[in-house]
Number of protein chains: 4
Amino acid sequence: MRTDRLETFADGVLAIAATLLILNVDTQIGERAPDLAHKLLEIWPSNAGYAVSFLTIGIIWVNHHNLMAQVDRADRIFLFLNVFLLMVVAFIPFPTRLVAEHIQDDGAKAGAVAYGVTLIATAVMFNFVWFYASGGGGRLLRPDHDPKAVKGISRSYRPAPWIYLAMTLVAFVEPVAAVLLYGGFAIFWMIESSLFGRDRTQA
Amino acid sequence: MRTDRLETFADGVLAIAATLLILNVDTQIGERAPDLAHKLLEIWPSNAGYAVSFLTIGIIWVNHHNLMAQVDRADRIFLFLNVFLLMVVAFIPFPTRLVAEHIQDDGAKAGAVAYGVTLIATAVMFNFVWFYASGGGGRLLRPDHDPKAVKGISRSYRPAPWIYLAMTLVAFVEPVAAVLLYGGFAIFWMIESSLFGRDRTQA
Amino acid sequence: MRTDRLETFADGVLAIAATLLILNVDTQIGERAPDLAHKLLEIWPSNAGYAVSFLTIGIIWVNHHNLMAQVDRADRIFLFLNVFLLMVVAFIPFPTRLVAEHIQDDGAKAGAVAYGVTLIATAVMFNFVWFYASGGGGRLLRPDHDPKAVKGISRSYRPAPWIYLAMTLVAFVEPVAAVLLYGGFAIFWMIESSLFGRDRTQA
Amino acid sequence: MRTDRLETFADGVLAIAATLLILNVDTQIGERAPDLAHKLLEIWPSNAGYAVSFLTIGIIWVNHHNLMAQVDRADRIFLFLNVFLLMVVAFIPFPTRLVAEHIQDDGAKAGAVAYGVTLIATAVMFNFVWFYASGGGGRLLRPDHDPKAVKGISRSYRPAPWIYLAMTLVAFVEPVAAVLLYGGFAIFWMIESSLFGRDRTQA
């Protein structure tokens, strides 16, 4: 089975999940706010949440792109592992909204933990997808795959669930700090992989 | 007529229908819930509904992928049969919401029946799409189609409407049991087809 | 300029417009309806509206598919004409909702007229797109286009705005009759073009 | 890294952002408006906003199409710059709603400024994407790129942020005038580039 329809489906789900994030900002503006300029400043957490989650989904898309570049074909188990991966990614708009609406009240901890759990699940599913494809002697890898790139992906995926677990544990104590860590890690990852990713994964 | 735009359109509708499911979870969190952690636990049926319906649409996507792998070209009747199929699949988010919001109250029966009827319609439309393409001496099949795969698809599609009919009849008596059957059948189907699908449909 | 990105974009807009229709049905179920089964029967116009508009957008997709099969390349004017076409098609969910929610009250006329005007605009834009591509001595047609198919498309597009205009005029007097005409015409078109379309446009 | 998945993802985000605009019109029709015809006339700003923003996103899509026609491959920095570009474009439905709902009240200035800032950000990101690809001696350009087209794109992108900045400054004084400028500039751009774009960018 070729991988092109998988890529179309994945790109579709990722594009929609990212674009739906704007609805979270939308719901923050109720009917006819009396002082719109003031209201817009007040809902800055929704705008920040939009930006962080859009970039996070963008990173996931770049990662998926990169992973699929080494994969040649798909079997059913691989397709279903991808469906599970997309299921957790498409969930991201929900905890994003929780964090944005509750970061300044009692619900901050619940929101930040929900966000962290979703990121852990995403990182775990990425590992399942990748190690199923690359395990078993390179089960689904293209015959001409780049061994250095394959090793680079493996090395960068393995610690990710633990990093997100650590950040989620922080969320139980200091939700605001955890949210800053989520955003900061996304930005760090983007910069680091843009500068050094070439050597590691030839992308 | 080639089948590539049909696949793009189908992948688009399936990706959107799956991703829109998160809006059902969203609407369950009203304005500023007083105790967010508690509220998140309370809405577990919405989260379960999200997971079951996302996986169900994922299975439908894998099935459609698999079906199209044997199809070479499309005529208008085939395109319209696919539009009807997509119409019933894109309806799934609605009964999902009904079940999730009413499984614990008087509306459980109506919700579970609506969900079951949607699944029956999906299975019926899959049969129409497939038997139109493969009937009439393999009307739209690729010249080099795999006869074993074609037979395997036919054998697995034919009983599906009756299985969903049986589950829907259960919903009239025991809605909760029916909902467990819907979810269980999806998971069973995924495992079974991942393990044994290769022999039957070479995918 | 090649036409592949135009087709991806058009398929995307059409797939989303069709799939968003379910949100119209969703909004009809308020918070915790007391008698869900009864409520579901009461909102049949929303379900009927979902079906008619989904099929209408499906027909538009098949038409666009068919039109593009004769087109070889795109220039900017052609791209912008397509953007205008997609703009009116993506508007369809709105009058669909108006008709579904108001067909049984005073707003029936306004809703049915709004729906009709949207269909007129769609038919007009289809004519602009098509006659720009096929005019000027086949400006954008593929060198090996089928003259019989080109003539068939021209013949079937030209009367469409007038047919929708006539139905919209009916809506001013008898909104319910007009809505039945919209639905009936879609079904008639599907059947007629499936049975006889092959001779006319080789699809 | 090839550019095809980037184009699929971009087309997806742009198609969804454009199609979601209809939800802004939707929310303007509350539950069971007493006089629907009158209500529909009253919400003309929402319809105008839908049209202007749909066309604006259509123009962005044509521009992106045109830019990518000169680009051969993508690296990670280019992918992330595109993610940022899509992030600001997918934001457009939100200020569109602000303008549409508040153009006739006290919030007009805040809405018009928010819309303008989003357009400035879009123009800035287009410059980053383009000058990263075409700078450094044509870093990512195809070997057979058209130097005249490359120069034409550079010349048309450079002033865009300043033009939008000027319009946004107008919004601080005369919000209605600024909104007319946004719409007028989109229409001017479409006409100008359709008539003269061929010479400049061969599209």
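For the structure itself, consult the block above.
Since we're looking at a predicted model, the values are computed, not measured.

**Q** Can you walk me through the packing of helix α1 (residues 4-26) of chain A against helix α1 (residues 4-26) of chain B in this structure?
**A** Axes are the key here: two packed helices are described by the angle between their axes and the distance separating the axes. For the pair α1 of chain A and α1 of chain B, the least separation of the axes is 9 Å and the interaxial angle reads 35°. Of the two possible hands of crossing, α1 of chain A and α1 of chain B adopt the one that is right-handed. For the pair α1 of chain A and α1 of chain B, contact is made by Arg 5, Thr 8, Phe 9, Gly 12, Val 13, Ile 16, Ala 17, Leu 20, Leu 23 and Asn 24 of chain A and by Glu 7, Ala 10, Asp 11, Leu 14, Ala 15, Ile 16, Thr 19, Leu 20, Ile 22, Leu 23 and Asp 26 of chain B, respectively. Grouping the amino acids of the contact of α1 of chain A with α1 of chain B by side-chain chemistry returns 13 nonpolar, 4 polar and 4 charged.

**Q** So what exactly am I meant to see when it comes to the interface of chain A and chain D here?
**A** When the parts come together, some accessible area is lost, and that loss is often what is quoted as the size of the interface. On the chain D side, the residues contacting the 39 residues of chain A number 36 residues. Across the chain A/chain D interface, buried area totals approximately 3,600 Å², and carbon plus sulfur atoms make up 70% of it. For the pair chain A and chain D, the interface holds 3 salt bridges. In this structure, Arg 97 of chain D and Asp 26 of chain A form a salt bridge, with 3.4 Å as the shortest nitrogen-oxygen distance.

**Q** Please clarify how the relation of the copies chain A and chain B should be interpreted in this entry.
**A** Two chain copies here: they are related by a rotation about an axis and a translation along the same axis. Between chain A and chain B, the superposition needs a rotation of 90° and an axial shift of 0.0 Å, giving an RMSD of 0.0 Å. Here the copies are linked by what is in effect a four-fold axis. No C-alpha of chain A approaches the rotation axis more nearly than that of Gly 12 of chain A, which lies at 4.4 Å. Taken together, the interface assignments show that only 8% of the residues at the interface of chain A recur at the interface of chain B, consistent with different surfaces on the two copies.

**Q** Explanation requested: the relation of the copies chain A and chain D in the structure shown.
**A** The two copies are related by a screw motion: chain A maps onto chain D through a turn of 90° and a shift of 0.0 Å along the axis, at an RMSD of 0.0 Å. The fraction of interface residues of chain A whose copies in chain D are also interface residues is only 8%, indicating that the copies meet through different surfaces.

**Q** Can you walk me through the side chain of Thr 96 of chain C in this structure?
**A** Residue and element names in this part refer to chain C. In this fold, Thr 96 is placed in helix α5 (residues 93-102). One polar contact links the side chain of Thr 96 to the main-chain carbonyl oxygen of Ile 92, over a distance of 2.7 Å. Those residues in contact with Thr 96 that lie beyond four places of it in its chain are Leu 21, Asn 24, Gly 49, Tyr 50, Ser 53 and Tyr 115.

The rules behind the values
- Residues numbered from 1 in each chain as written.
- Chains lettered and ligands numbered in written order.
- Predicted model: local features only at pLDDT ≥ 70, side-chain atom pairs only at ≥ 80, totals over all residues.
- Heavy atoms only, no water.
- Axes fitted to C-alpha atoms, helices over the stretch in contact; angles between N-to-C directions.
- Helix = DSSP H or I, 4+ residues; strand = E, 2+ residues; numbered from the N terminus.
- Left-handed = near helix turned anticlockwise from the far one by under 90°.
- Contact = heavy atoms within 4.5 Å.
- Nonpolar A, V, L, I, M, F, W, Y, C, P; charged D, E, K, R; others polar.
- Buried area = accessible area lost by both parts, 1.4 Å probe.
- Salt bridge = Lys/Arg side-chain N within 4 Å of Asp/Glu carboxyl O.
- Least-squares fit on C-alpha atoms with pLDDT ≥ 70 in both.
- Polar contact = N/O pair within 3.5 Å; in protein donor to acceptor, adjacent residues only side chain to side chain.

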